[in-house]
Amino acid sequence: NLILPSSYIGLHPQLVQFDPSRADGTLVGLNNSGLLNGLAGLTPPLLTEQVRWYAGDIAATKVGGQYHLTATPIEFGGVSLMPADKIKQGAKSLVGTLVVERQGATFVQDSLNLDHQDGVGTRGTRAQATVCPGGQNPCTIGTPGAFRSLSVVMTKSNTQYYRDSSPVEHINGEGVGVPEDTQEASGMALNYGIEPLWFRFGLVPQAPFNNQPGGFGGVPNSHQSYSNILTANQDPATPVLQAAAGKEARMHVVVPHGTTRGTTLNVHGHLWNRHDYVCEGSARNGLTGACTMTEVASRNIGATPYVSALNQGANESITPASHWTFRFPSAGGGNAVTGDYLWRDNAGFGNTSGIWGLLRVQPALTGGTALQSLSVQSLSTGVDGAAGDGLSVQALGLEP
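This write-up is about the structure you can find in this document. Note that the coordinates shown come from a computational prediction; the quantities given were computed from them, not determined experimentally. Along each chain, the written sequence defines residue order, and numbers are assigned to residues from 1. For a predicted model such as this one, the threshold for reporting local features is a pLDDT of at least 70, and the threshold for listing and counting side-chain atom pairs is 80 or more; totals across whole chains, interfaces and linings nevertheless cover every residue. Hydrogens are left out, water is left out, and the side-chain values use all remaining heavy atoms of the structure.

**Looking at the nonpolar core**
Turning to step 1, where the next piece is worked out: Buried Ala, Val, Leu, Ile, Met, Phe, Trp, Tyr and Cys residues that are joined via side-chain atoms within 4.5 Å together make up what is termed a nonpolar core. Exposure categories follow from relative accessible area, calculated using a 1.4 Å probe and restricted to protein chains: below 20% of the type maximum is buried, above 50% is exposed, and the middle band is partly exposed. Among the nonpolar cores identified, the biggest contains 25 residues, and M251, F326, W343 and L359 are the most heavily contacted of them.
Turning to step 2, where the next piece is worked out: Here a helix means four or more residues in a row that DSSP labels H or I, a strand means two or more in a row labelled E, and each is numbered from the N terminus. Elements represented by at least two residues in this core include exactly β11 (147-155), β13 (240-244), β14 (249-257), β15 (263-267), β23 (323-328), β24 (339-345) and β25 (356-362).
Turning to step 3, where the next piece is worked out: In terms of residues, this core owes the most to one element, β14, which gives four residues.
Turning to step 4, where the next piece is worked out: Any two residues whose heavy atoms approach within 4.5 Å are treated as being in contact. In this structure M251 touches L150, V152, L241, L265, V267, W324, T325, F326, F328 and W343, once residues within four positions along its chain are discounted.
Turning to step 5, where the next piece is worked out: Core analysis: the second largest hydrophobic core is formed by 11 residues, V51, W53, A55 and L81 among them.

**Digging into the state of the cysteines**
Turning to step 1, where the next piece is worked out: Cysteine sulfur atoms that come within 2.5 Å of each other are treated as a disulfide pair. Scanning the model with the defined rule gives two disulfides in all.
Turning to step 2, where the next piece is worked out: Between C132 and C139 runs a disulfide, and the two sulfur atoms are separated by 2.1 Å. Taking the torsion about the S-S bond as the criterion, the C132 to C139 disulfide, at about 95 degrees, is right-handed.
Turning to step 3, where the next piece is worked out: Overall, the relative accessible area of 0% leaves C132 in the buried class.
Turning to step 4, where the next piece is worked out: On the basis of relative accessibility, which here comes to 6%, the residue C139 falls in the buried class.
Turning to step 5, where the next piece is worked out: A disulfide bridge connects C279 with C291, and the sulfur atoms are separated by 2.1 Å. Residues C279 and C291 are joined through a disulfide that is right-handed, its torsion about the S-S bond being 95 degrees. With C279 in the loop between β17 (277-278) and β18 (283-284) and C291 in the loop between β19 (287-288) and β20 (300-301), the pair connects residues that are 12 residues apart, well separated along the chain.
Turning to step 6, where the next piece is worked out: Its relative accessible area of 13% is what places C291 among the buried residues.
Turning to step 7, where the next piece is worked out: Sequence-ordered numbering of the bonded cysteines in the protein chain gives a pairing of 1-2, 3-4.

**Some remarks on the packing of aromatic side chains**
Turning to step 1, where the next piece is worked out: Pairing of aromatic rings covers Phe, Tyr and the six-membered ring of Trp, with a centre-to-centre limit of 6.5 Å; geometry is then stacked below 30 degrees between planes, edge-to-face above 60, and tilted otherwise. Scanning the model with the defined rule gives six aromatic pairs in all.
Turning to step 2, where the next piece is worked out: An angle of 65 degrees between the planes, with centres 5.5 Å apart, marks the rings of F209 and F216 as edge-to-face.
Turning to step 3, where the next piece is worked out: The class of F216 is partly exposed, set by a relative accessible area of 22%.
Turning to step 4, where the next piece is worked out: Grouped by ring-pair contacts, the aromatic residues F209, F216 and F349 constitute a single cluster.
Turning to step 5, where the next piece is worked out: Each ring is checked for a lysine NZ or an arginine CZ that lies within 6 Å of its centre and within 35 degrees of its normal; such an atom marks a charge sitting over the ring. Taking NZ or CZ as reference, R250 lies 3.9 Å from the ring centre of F147, over its face.

The structure is reproduced here in structure tokens:
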């Protein structure tokens, strides 16, 4: 905390194509020419800047001394938006995510969350949406092919304070007498909110690891760790992801800022395939959707044609700069069972520090809005247009 964060900001995206001299969002090497103050997509205080990214692949072919560009749109899913200052700005939550749906898709941001800004009422969130890949308007969860798109932005090594401005203490690290371990870095957040288990049980974060009163092992009702019984029936500050029973849901997990200790994220009651990436309209070796060896691969998110592909209920190695999309073919499992499903870090330090949330599977209504407790906030159109069109970005972020 003795290092001041930079007053210049930038967003460095993953996977999308851009000119690094104009839109990298980070000052590296010789990419510092051609834009405002010559800073390659960095924005000085009190100013704004527009950058251009392309949501897909751009291939260059040299013909007669000139380069010809061929653009191919790609359904990337969720990727990280990382800050220019890799040390301090991420610790202060200058992070976000970009979710790229398929070309021509429509979506509606139709979820309400508890308003954690002032603790009163609800507010709309851009971290959850219903997506209609066929471009239908209006788009509802009852539309054929519609699915839920759910974003989780994980950060570790955050700067966190109590209300009186004193810093939150650190959970004891590995080894006896080590009060701080940067590898664990127990100041964590999910979508700008966190609800550590030590907080829910009224412990101090530096509580001893023993079975005595006031220690982590001395909690008499630890079986209620994730229950709203502890919070007067109020949902946790961590994300409550809302899905429709029996309908597809996608959970995009990104890590724009973190530490070297990875997370293994488990989603109770659900399986997903690790290789759910296809090329729609293609086939190879008799497998529909399998990409050929000469085309841009993994252009769409969808059911893999390979029968030997790996199904999993947890994902390991969720580390800084990683990005994952978990595609659940049916929310609530094959039997579409409604209710709250826990998702959490399997590791003790991450779980105790608050890396957990809920997947709330609600009844789906045919032809209507599935999420009865929510109201439609807006209808937007996905990235569309000619293959060579750019994606213009001015401001991106998540609301709690």
